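Residues per chain are reported as follows:
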There are 4 protein chains.
Amino acid sequence: MAIWGGRFSKDADEIAAVFGESLSFDRRLYAQDIKCSVAHVRMLATSKIIDDADASAIVDELGRIHTEIESGDFNFSSECEDIHMSIETCLIDRLGETGARIHAARSRNDQVATDIRLYLRDEIDEIVDLIRMLQERIVALADRHSSVIMPGLTHLQNAQPVLFAHHLLAYVEMLERDSDRLTDCRRRLNRSPLGSGALAGSTLPIDRDQTAAELGFDGPTRNSMDAVSDRDFVIELLADLAIFMMHMSRLSEDIVNWVSQRYTFISLDDAFCTGSSLMPQKKNPDIAELTRGKTGRVYGALIALLTVMKGLPLCYNRDLQEDKEPLFDSIDTAKSVLSIYKLMIDGIEVNADAMAIAASDPFMMATDFVDWLVVNGVPFRSAHEKVGQLVSHSSKLNTSLDRMTLSQIQEVVPEAEEECLLLFTAERSVAGKRSFGGTSPEEVAKQLAYWKKKLASGH
Amino acid sequence: MAIWGGRFSKDADEIAAVFGESLSFDRRLYAQDIKCSVAHVRMLATSKIIDDADASAIVDELGRIHTEIESGDFNFSSECEDIHMSIETCLIDRLGETGARIHAARSRNDQVATDIRLYLRDEIDEIVDLIRMLQERIVALADRHSSVIMPGLTHLQNAQPVLFAHHLLAYVEMLERDSDRLTDCRRRLNRSPLGSGALAGSTLPIDRDQTAAELGFDGPTRNSMDAVSDRDFVIELLADLAIFMMHMSRLSEDIVNWVSQRYTFISLDDAFCTGSSLMPQKKNPDIAELTRGKTGRVYGALIALLTVMKGLPLCYNRDLQEDKEPLFDSIDTAKSVLSIYKLMIDGIEVNADAMAIAASDPFMMATDFVDWLVVNGVPFRSAHEKVGQLVSHSSKLNTSLDRMTLSQIQEVVPEAEEECLLLFTAERSVAGKRSFGGTSPEEVAKQLAYWKKKLASGH
Amino acid sequence: MAIWGGRFSKDADEIAAVFGESLSFDRRLYAQDIKCSVAHVRMLATSKIIDDADASAIVDELGRIHTEIESGDFNFSSECEDIHMSIETCLIDRLGETGARIHAARSRNDQVATDIRLYLRDEIDEIVDLIRMLQERIVALADRHSSVIMPGLTHLQNAQPVLFAHHLLAYVEMLERDSDRLTDCRRRLNRSPLGSGALAGSTLPIDRDQTAAELGFDGPTRNSMDAVSDRDFVIELLADLAIFMMHMSRLSEDIVNWVSQRYTFISLDDAFCTGSSLMPQKKNPDIAELTRGKTGRVYGALIALLTVMKGLPLCYNRDLQEDKEPLFDSIDTAKSVLSIYKLMIDGIEVNADAMAIAASDPFMMATDFVDWLVVNGVPFRSAHEKVGQLVSHSSKLNTSLDRMTLSQIQEVVPEAEEECLLLFTAERSVAGKRSFGGTSPEEVAKQLAYWKKKLASGH
Amino acid sequence: MAIWGGRFSKDADEIAAVFGESLSFDRRLYAQDIKCSVAHVRMLATSKIIDDADASAIVDELGRIHTEIESGDFNFSSECEDIHMSIETCLIDRLGETGARIHAARSRNDQVATDIRLYLRDEIDEIVDLIRMLQERIVALADRHSSVIMPGLTHLQNAQPVLFAHHLLAYVEMLERDSDRLTDCRRRLNRSPLGSGALAGSTLPIDRDQTAAELGFDGPTRNSMDAVSDRDFVIELLADLAIFMMHMSRLSEDIVNWVSQRYTFISLDDAFCTGSSLMPQKKNPDIAELTRGKTGRVYGALIALLTVMKGLPLCYNRDLQEDKEPLFDSIDTAKSVLSIYKLMIDGIEVNADAMAIAASDPFMMATDFVDWLVVNGVPFRSAHEKVGQLVSHSSKLNTSLDRMTLSQIQEVVPEAEEECLLLFTAERSVAGKRSFGGTSPEEVAKQLAYWKKKLASGH
């Protein structure tokens, strides 16, 4: 019999129980639920709502239950629909009247809201840590290959040569923003809903500051009706993870391109590739592809929660139970992607020659010639136009820019001088990009130093 | 060692294996995978690619594996990443060289595409059947209360009285369109990709018509590259299920309103409600709320798959593995919602009195007075204007429309006659809506008869 | 003053009017609205609700209004919130009492539902036609280059050689399914809601069959409450267009790859590329990139409508007004993408040499060697394993498969014979894929013939 | 001829131009684009890349162009695809060589990224301000009705009485979190990408700190490749706005319920309602419904951008142009919703009697009786069980809780005493909820004071 059965003349049908149960997924919250209950019981004792002996007995028994769940020895009753009822029912079974005292001044509405916040705080800490580790591996990879030049692409077309390390550091920036967003989310969610009751607060003389402090929150939430029906923190976290996965999908796309036969810029360790059941020669970048694909499930989780919350009247509605599975799945996804990527990044072998050849296309240095003309007094737009014509001219002559003679160049760009002939190498092009945040070795070295120091300090 | 290991000098790390495995969820496809393999092997024999004895041995062993999986006795090797490899590996373990012959002229790319199509065909049939059953229950409920009048709402405001049965039949219409869409989806997906190979077809003399026929497909797919990278049918099904869940969310919203203290139009069987851990008086319509909430996860699944497929170059990419979990979850959600709703609908008790009182608001008959004026020659817009003023007038007089005297009415609507005083009852209003598809008892009776006949015929 | 002002004591504030108006976007429906009104008025006359002279006058005036709107001469009053009120108000202004008769037995709820269905019917026809035209261009491109061989990719890795025409025809298949889905959607939406009134039907003696027939519908809808609150057809169309855009995003991705310097498989006409404001050498495949990007807005529109409808109680709610902008934008997007792609496809130049070189990687023929071994009695999985080892062996020898001597091969694959040395060309590999739907020239020729015939017949 | 035409032998077809143009929507960025150009030109002069006279002339002309655009006098050339080219082309037309100098050391890639950030900074400030104003109006409404009691609902069922003001303040909390999130987003985006060039930085001696400072940024971005391809700030803002709209959809749902005939808790000013084209008595809460519906378009915009960015390789791709329309539309939507809601909230009339009657259901005080029992030593779960049985008992007796005699109560709850008979009023129930954040008048008064002070301080 379900624990709320007092009011009902007949048992809930089994099918309804299965439909409505959440124990199969919310048991993940057991540690937070117990922690929350311990704080609650201690406060009940401090506030003289229950006596100290009862409180001690409950706290001790909660400790035992925690140990049993950790070790797999706890017997989850199939009659309990969720983790909260499982634990309370067990307390009552074992402690009788004493156990029956725990739920005073508490509703599952504020209890589950508190549990999830505790859980997310831990998970965010772990994800931020994993992000930092991935950043470290990317920085290390960049550092090992700090002088390697590759074609920088826009529109997937050759644009300008860049340092491979510079390209990699773009992802370190993205991950840093992800980390920042998660930290903001954590700060915002770190308030305690405990003691908000079902929706209205409690008539019992509870001390919400005490539980908030014991649970490490920055303080209690301010409005009980908001506290029990708020899932902003779930959605905000899912939005942060969706952006994170978007970043990982971009990195994955780059990697899928780079390992392909058309690029051969890098190769991956065999551990992160799989073969084909049919084609014996295949070595596919499955981890990168799966990561790109898993972006979908996190986007989907975000939409799921936004849909759940759309148009819900205050306060708590059972729809909110649907917050957990998408949340848990997205957290698991993010953590597994981070875990595997930090290994995969370590195992990347760089084919500097292939990159160098691809980066040597002299058309990629056309902008440097424009800049040279600007420095020498030609208005930018005219310089751009002239070099555009030079590009066409070289195509007509079937000669690459770097093989044109000065006089051939001067036919189109009369301002050209001898030194222009030296412009068409990737090394010179890269070296020239000395603006802050640019791809010159000096600038990239500064950025590498910045990140190494920052990451070493643990953020 | 993974089965494709021939090419690799080192084992895939365990973490990569866990990241990439699909066996934990694609084992659900075991029956389809075996069915597909049986058809494939028989065709290989017919086509003389393997000999009859080998084919027989494999088919027999596949039968045994099927039985073992059904009974829970099959030992899924943790080294196999998916259901296809699990079964093939087992065949090789048990049959040696004979087992090693099965994968000729086949790739997992075409195999999994075939498996999913077989699986979806079965699931669609089941869902269409469940929809029909739910329609039957709704029709039966409508039939039991065919003369009950309720307020018809637009903008959640009193609009015009309608029959409760008419309101219910609106959902039968929605479900019918769901069923239609699913049937179209089934027809479209019922072609066999088997024999498309990894992407290019096969050099072996296979007969794709034979396998297509044996598997009950309408024929083979026409382009091997499309066949292995197409997941339209998954997305189309998810879109159909998203619309279906949207319908169920609307029905759920109606039910949540109707059981609330503000309406008390119906009550639900206790089995489909739950109480509160804190408030002893509560009887919450949890099933309806959960259903409304579960709409989110199906919307999310649709977005997940659309995201997975966006911008993928041809042909197969590992991202496609991400098709299964959202698909399976959405199918399970739809089936469980249908299963529980058909029970819940049966247990609805109708509070005809509460509906009748709510439907007796004479303002809801204002449109009928407009219609009376139109019949009596007043241009519609003028009639609408006059009755609007009458509504205001009655508010000023603090008299409801049905209590105004003829002369009071004529002050604002001089065209009014004695018989107008009879217009302001819900019964008369409903009875008048005799247009096809309208809410008059005759029209609703016709629709009830239509549905009873149609549903009885099994569609 | 807004036309429904009779009941209200004060004017709607301008800000509310701007917030709520839809004329700025629903004026697009003017032709359908007029068509619908003409049918309605004729029916009112046939049914003796208004007299023939009034009907004639209204129909004539509607004709004039249609002409004025087409020519830009119609003066849309800023006081009318939508296209329906704009036209009715104009009729009343011009025809007085006669014009005031038109809205009898009609609500904007059924009127707008009818207008949108009429509109979508036309738009679907146009989109299906544009799809057919795009298919024709792709088929023509495939036909012009029917013997060109390219590397077939899975996981963006070299897999097996395929015909370029075969790759292109995969998109013709996708587009055909898009066309099929749209046709199903059109069939399903082609029923007339007109005469459903606000929600309950009408007390006036209307003939819904007459208007349905005049408007080319297959008949009237069956339930008035469903008819006015149903937007399934909008969502279904958006889902169909989302899948279509997903297909176009894949084609775009292929094109973006193919025109890049790493591939140089094709080049686009300059008209479909743009340069860079900074880099003079750039020729970017902007149309393909924009198309890939525009996928997002159609996915977004689908989610927008699913969100709008989630949890809405029956019947009409003003939320439904939000159906139009995402719908119109998605239709415009689909049509513009189709229009420009059919031109862009025509202008593709194929670099058969670059494709051939990329397709000549002998590893891509490894599967053919597996097949040869299977034909010669080696169990598939053993053959796959052996050829996998041969691939490794060739890497160690630093010799490509096609340059290995028979004895070198036999060291790893003792079953190999002289003729195996001939297997490692792309031409032979492609030629061998003779299974139905495979990439051999014969099979592709059959498919080209199939499509040419089918498309010429106008579907 | 498009301005990048130097390289091309033929004009872009008109259809491609229309497909690719963004001027029709990005002209909204004109002020930011000009501001950005002014800062850029001044820096070019400081850095001696152009001379002071040229810089002055350009800055002056940009000022004139700004004035012309503001006044509607600027002639946007139809040959310019975007706002950036429109302005640069105009400069060149008017200033010749001098105007042609402006684009040195700049690409549209960094220019547009800078423009959008400037634009969003302004828009976020405005939205945060509008949120504060709406909070003020809600607080004022709560303050005006600070003693009104209403039924607090969970699952839309009567739960416990609460103050109407308490319910309203829940929305003030939500809006505060929205404001916080937007402020975090603003801080994160407030770095200058200007000077990142197309992707690699610049070879010209630019000073990015100077432009960053002049434009009010906290500093320049650190990685040029990231800077031009990052749209995190757009997605983060859209996620924040999606959550905000979710909140508004919940408030709208509450309002739609409250104004309905089943509740009649409040009434809205006529200005925010509309009537029916058919039913003269209707007064529909259209603004609330439209707001609820508009939630869909913002969710859709979020998904649109997440889709656009998914799987894009570095760096800039033209897909990014698709960021603007969903962004602009979502900002407009949020601002219009805030603008109209702050007026609508002001015009709400509260029907305290209807709320009081609904809140007087004695079942809603059942929890208070449980609490009384807990205070008197009964273990919570037993107390909950007993009161549950009392609820059933009262139903069987057909007597409401507040009319039961002490001895009737004691039959089920022997611990009951005389004072329990006083528990069953809404006033007493509300008064007792004195826990922090609870609904007692004292607690709510504290919260009202908190918000008044906080909002008065301008946050």
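Per chain, residue numbering runs from 1 following the sequence as it is written. Ligands are numbered from 1 and chains lettered from A, in the order in which they are written. Local features in a predicted model are, by the rule used here, given only for residues with pLDDT of at least 70; side-chain atom pairs are given and counted only at 80 or more, and totals for whole chains, interfaces and linings are based on all residues. Only hydrogens and water are set aside; all other atoms, that is, all heavy atoms of the structure, feed into the side-chain values.

> Lay out the overall build of chain A in plain terms, naming residues and giving numbers.
Numbering of helices and strands runs from the N terminus, with a helix taken as a DSSP run of H or I at least four residues long and a strand as a DSSP run of E at least two residues long. If you tally the helices and strands in chain A, you get 18 helices and four strands. Its C-alpha radius of gyration of 30 Å places chain A more than 25% over the 23 Å reference for a compact globule of 459 residues. With respect to the principal axes defined by its C-alpha atoms, chain A has extents near 100 × 55 × 40 Å. The buried share of chain A, reckoned over its 459 residues, is 70%. Accessibility throughout is a Shrake-Rupley quantity obtained with a 1.4 Å probe, and a residue counts as covered only by protein chains that appear here. For chain A, the accessible area works out to roughly 13400 Å², and carbon and sulfur atoms hold 49% of it. Between the mean site of the 49 positive side-chain charges and the mean site of the 71 negative ones, chain A shows a separation of 2 Å. It is over C-alpha atoms that the radius of gyration is taken, and the globule rule equals 2.2 Å times the number of residues to the power 0.38. The cut-offs for exposure are 20% and 50% of the maximum accessible area for each residue type, with area from a 1.4 Å probe on protein chains only; residues under the lower value are buried, those over the upper are exposed, and the others partly exposed. For this count, His and the chain ends are skipped, Lys and Arg are scored as positive, and Asp and Glu as negative. Where a charge sits is defined by one atom per residue type, namely NZ (Lys), CZ (Arg), CG (Asp) or CD (Glu).

> So what's going on with the packing of helix 6 (residues 108–144) of chain D against helix 12 (residues 324–346) of chain D? Residues and values would help.
Residue and element names in this part refer to chain D. Here helix 6 crosses helix 12 at 20 degrees, and the two axes come no closer than 9 Å. The orientation of helix 6 with respect to helix 12, classified from their angle, is roughly parallel. Considering the relative orientation of helix 6 and helix 12, their crossing is left-handed. Gly is put with the polar residues, along with every residue not named as nonpolar or charged; the nonpolar set is Ala, Val, Leu, Ile, Met, Phe, Trp, Tyr, Cys and Pro, and the charged set is Asp, Glu, Lys and Arg. Broken down by class, the residue content of the contact of helix 6 with helix 12 amounts to 17 nonpolar, one polar and eight charged. As a rule, the C-alpha atoms of each element are fitted with a line to give its axis, helices using only the stretch in contact, and angles between N-to-C directions run from 0 to 180 degrees. Throughout, the term roughly parallel applies to angles under 35 degrees, roughly antiparallel to angles over 145, roughly perpendicular to angles from 65 to 115, and oblique to all others. We call a crossing left-handed when the near helix sits turned anticlockwise from the far one by less than a right angle, and right-handed when that turn is clockwise.

> Can you break down the packing of aromatic side chains residue by residue, with the values?
Only Phe, Tyr and Trp rings take part, Trp by its six-membered ring, and two of them pair if their centres are within 6.5 Å. Stacked means planes under 30 degrees apart, edge-to-face means over 60, and tilted covers everything else. Going through the model one piece at a time under the given rule, you end up with 28 aromatic pairs over all chains. An angle of 75 degrees between the planes, with centres 6.0 Å apart, marks the rings of Phe369(C) and Phe424(C) as edge-to-face. Placement of the pair is Phe369(C) in helix 14 (residues 366–375) and Phe424(C) in the loop between helix 16 (406–412) and helix 17 (426–432), with a sequence separation of 55 residues. Taking the relative accessible area as the measure of exposure, Phe369(C) reaches 0% and is therefore buried. Phe424(C) sits in the buried class, given a relative accessible area of 5%. An aromatic cluster is built from Phe369(A), Trp372(A) and Phe424(A), whose rings are joined through pairwise contacts. Whether a charge sits over a ring comes down to the Lys NZ or Arg CZ being within 6 Å of the ring centre and within 35 degrees of the ring normal. Above the plane of the ring of Tyr263(C) lies Arg262(A), whose end atom (NZ or CZ) is 5.9 Å from the centre.

> I'd like a description of the pairing of strand 2 (residues 157–163) of chain B, backed by residues and values.
Residues and elements named next belong to chain B. Burial of strand 2 is extensive: seven of the seven residues sit out of reach of the surface. Alignment of strand 1 (residues 149–154) against strand 2, held across six bridges, turns out to be antiparallel. The partner of glycine 152 across the bridge, within strand 2, is glutamine 160. By this definition, two strands are paired if DSSP reports at least two bridges between them. Linking strand 1 back to strand 2 in an antiparallel pair, the connection comprises two residues, with histidine 155 at a positive phi of about 55 degrees.

> Before we move on, can you summarise the pattern of salt bridges with the specific residues and values?
Residue and element names in this part refer to chain C. Within this document, salt bridges are pairs made up of a side-chain nitrogen of Lys or Arg and a carboxyl oxygen of Asp or Glu, the two lying within 4 Å of each other. Applying the stated rule across the entire model yields 176 salt bridges over all chains. Of the charged contacts, one joins aspartate 368 and lysine 433 as a salt bridge, the two residues approaching to 2.8 Å between their closest N and O atoms. Highlighted residues: aspartate 368 in helix 14 and lysine 433 in the loop between helix 17 and helix 18 (441–456), separated in sequence by 65 residues. Each member of the pair aspartate 368 and lysine 433 is classed as buried.

> Before we move on, could you go through the interface of chain B and chain C and cite the residues and values that matter?
Contact between two residues is taken to exist if any of their heavy atoms lie within 4.5 Å; hydrogens are not considered. Taken together, the contact pairs 111 residues of chain B with 111 residues of chain C. Contact between chain B and chain C buries roughly 9200 Å² in total, counting both sides, with carbon and sulfur atoms accounting for 58%. Reported buried area values correspond to the accessible surface (1.4 Å probe) lost by two parts on association, with both partners' losses combined. Per-residue buried area on chain B facing chain C is highest for Arg222(B), Arg250(B) and Arg381(B); these three make up 9% of the total on that side. Linking chain B to chain C there are 18 salt bridges. With a shortest N-O distance of 3.0 Å, Arg181(B) and Glu236(C) are connected by a salt bridge.

> Outline the relation of the copies chain B and chain C, supporting the account with residue identities and numerical values.
A rotation about an axis combined with a shift along that same axis relates the two copies of the chain. What sets the superposition is a least-squares fit of C-alpha atoms, and only residues with pLDDT of at least 70 in both copies go into it. Least-squares fitting of chain B to chain C yields an RMSD of 0.0 Å, with the transformation described by 0.0 Å of translation along the axis and a rotation of 180 degrees. The transformation relating the two chain copies, once decomposed into turn and shift, fits a two-fold axis. Using C-alpha coordinates, one finds that chain B approaches the rotation axis most closely at Ala239(B), a distance of 3.2 Å. A high fraction, 100%, of the interface residues of chain B reappear at the interface in chain C, so the copies pair face to face through one surface.

> Please provide a residue-by-residue account of unusual backbone geometry, values included.
For the peptide bond that leads from Leu314(A) to Cys315(A), omega is -10 degrees, which places it in the cis range. The residue Cys315(A) is located in the loop between helix 11 (286–309) and helix 12 (324–346) in this model. Unusually for a residue other than glycine, Thr264(B) sits at a positive phi of about 50 degrees. When you line up the elements, Thr264(B) lands in the loop between helix 10 (232–259) and strand 3 (266–267). The class for Thr264(B) is partly exposed, based on a relative accessible area of 35%. Here the phi dihedral of Asn398(D) falls at roughly 60 degrees; this positive angle occurs in a residue that is not glycine. Mapping Asn398(D) onto the fold places it in the loop between helix 15 (380–397) and helix 16 (406–412).

> Can you explain the interface of chain A and chain D? Please cite residues and give values.
A common way to express how large an interface is: the accessible area buried when the components associate. Taken together, the contacts link 111 residues of chain A with 111 residues of chain D. Buried surface at the junction of chain A and chain D, summed over both partners, amounts to about 9300 Å²; 58% is from carbon and sulfur atoms. Three residues stand out in chain A for area buried against chain D, namely Arg222(A), Arg250(A) and Arg381(A), and they jointly supply 9% of the buried area on that side. Linking chain A with chain D are 18 salt bridges. Between Arg381(A) and Glu88(D) there is a salt bridge; the shortest N-O distance is 2.7 Å. Whenever a nitrogen or oxygen atom comes within 3.5 Å of another N or O atom, the pair is scored as a polar contact, on the condition that within protein one atom can donate a hydrogen and the other can accept it, and that pairs from neighbouring residues in sequence are kept only if both atoms are in side chains. Counting across the chain A and chain D interface gives 58 residue pairs in polar contact (both at pLDDT 80 or more). When the residues that make up the side of chain A that touches chain D are grouped by side-chain class, the tally is 46 nonpolar, 36 polar and 29 charged.

> Mind laying out the layout of surface pockets, listing which residues take part and the relevant values?
Of the pockets and cavities examined, the largest pocket occupies roughly 1200 Å³. Taken together, 42 residues make up the lining of the largest pocket; nearest its centre are Arg297(A), Glu325(A), Asp329(A), Glu325(B) and Asp329(B). Looking at the lining of the largest pocket, the elements that each hand over two or more residues are helix 1 (14–20), helix 11 and helix 12 of chain A together with helix 1 (14–20), helix 2 (23–26), helix 11 (286–309) and helix 12 (324–346) of chain B. The element that contributes the greatest number of residues to the lining of the largest pocket is helix 12 of chain A, accounting for eight residues. A class-by-class count of the residues in the lining of the largest pocket yields 16 nonpolar, ten polar and 16 charged. Each cavity reported here is a set of points on a 1 Å grid over the protein atoms alone in which a 1.4 Å probe fits but cannot get out, each pocket an open set with protein on both sides within 12 Å along at least five of seven lines, and each lining residue one with an atom within 4 Å of a point. Grid points are joined across faces, edges and corners, and a volume is the space filled by probe spheres set on the points.

> Give a detailed account of helix 6 of chain D, specifying residues and quantitative values.
Residue and element names in this part refer to chain D. Along its 37 residues, helix 6 runs 53 Å from first to last C-alpha, staying within 8% of the 54 Å computed at 1.5 Å per residue. Within helix 6, 27 of the 37 residues are buried, which leaves the element mostly enclosed by the surrounding structure. If you check the start of helix 6, you find a side-chain oxygen 2.9 Å away from the backbone N of asparagine 109, and it comes from serine 107. Expected span of a helix, by definition, is 1.5 Å for each gap between consecutive residues, and there is one gap fewer than residues.

> Could you give an account of the domain arrangement of chain A, naming the residues involved and the relevant values?
Residues and elements named next belong to chain A. Taken domain by domain, chain A consists of domain 1 (5–104), domain 2 (109–206 + 216–357) and domain 3 (361–456). Note that the domain bounds reflect an automated or database-derived domain assignment. On a C-alpha basis, the centres of domain 1 and domain 2 stand 33 Å from each other. Counting residues at the interface gives 20 residues for domain 1, matched by 19 residues for domain 2. Three residues stand out in domain 1 for area buried against domain 2, namely Phe25, Arg28 and Gln32, and they jointly supply 34% of the buried area on that side. At the junction of domain 1 and domain 2, the tally comes to two salt bridges. Put simply, arginine 318 and glutamate 81 hold a salt bridge, and the shortest N to O gap is 3.5 Å. For the pair domain 1 and domain 2, the interface holds eight residue pairs in polar contact (both at pLDDT 80 or more). Broken down by secondary-structure element, the contributors of at least two residues to the side of domain 1 that touches domain 2 are helix 2 (23–26) and helix 3 (30–46). A total of seven residues in the side of domain 1 that touches domain 2 trace back to one element, the largest contributor, which is helix 3. The residue inventory of the side of domain 1 that touches domain 2, partitioned by class, reads six nonpolar, eight polar and six charged.

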